[in-house]
Structure formats: structure tokens, C-alpha cells
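Analysis of the macromolecular model
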Amino acid sequence: MRKSIAFLMQAAALTMQADALTMQATALTRPANALTRPANALTMQANALTMQADALTMQAAALTMQGIAKLNSLRINEMLYLA
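Everything in this summary refers to the structure shown in the same document.

Thresholds applied
Residues numbered from 1 in each chain as written. Predicted model: local features only at pLDDT ≥ 70, side-chain atom pairs only at ≥ 80, totals over all residues. Heavy atoms only, no water. Helix = DSSP H or I, 4+ residues; strand = E, 2+ residues; numbered from the N terminus. Rg over C-alpha atoms; globule rule 2.2 N^0.38 Å. Areas by Shrake-Rupley, 256 points an atom, 1.4 Å probe, with all protein chains shown as cover. Patch = residues over 30% accessible without salt bridge, like charges linked within 9 Å, V, L, I, M, F, W, Y side chains within 5 Å. Salt bridge = Lys/Arg side-chain N within 4 Å of Asp/Glu carboxyl O.

Moving on, we come to the overall build of the protein chain. Helices and strands together make up the secondary structure of the protein chain, namely one helix and zero strands. For 83 residues, the compact-globule estimate of 2.2 N^0.38 gives 12 Å, and the C-alpha radius of gyration of the protein chain, at 35 Å, exceeds that figure by more than 25%. With the C-alpha coordinates aligned to their principal axes, the bounding extent of the protein chain is approximately 115 × 20 × 5 Å. Summed over its atoms, the accessible surface of the protein chain is roughly 7,900 Å², and 70% of this surface lies on carbon and sulfur atoms.

A contiguous nonpolar surface patch, about 340 Å² in accessible area, is contributed by Ile76, Met79 and Leu80. Tracing the sequence through the fold places Ile76 in helix H1 (residues 2–82).

Given below as C-alpha cells:
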């Protein structure tokens, strides 16, 4: 009877040790995750800035195209008026 109680206690102790190792492994990964989060945030900010720059470039191109269209429209109207 005492041997079975001792065996159960050893099994419980091994389970607790395994749980402790799991907790230690989790504790070790958390600082690594905490270190990668700022890097990810910086990458996202850089991507956002790139997208904003692209949007500004597209707006400039759209304004240029509007100007060209307006100029062409004026030329067409002038040609129709002179014809």
C-alpha cells in the first residue's frame, strides 16, 4: 500500500515538473515575442508611409492627367469654333 502511494506521489511530482518546464518554456518565449512586436510595428509604419507616398504619387499623376484632358478639351473646342 505504501509503495502505491509513493508511486502516485512520484507520478504527481513528475507531472508537476513537466508543468514547470512547460511554464518555463512559455516564459522564455514571451520576451522574444515582446521584442518582435516593436519591430513588427515599425515595419507596419514603414509600409503605411510607403503607401502614403504611393497615394501622393497617384494623386499627382491624376492631377497631371486632368490638366492634359482639360488642355485637350480646350484645343478641341478651339478647333470646332474655328472650323
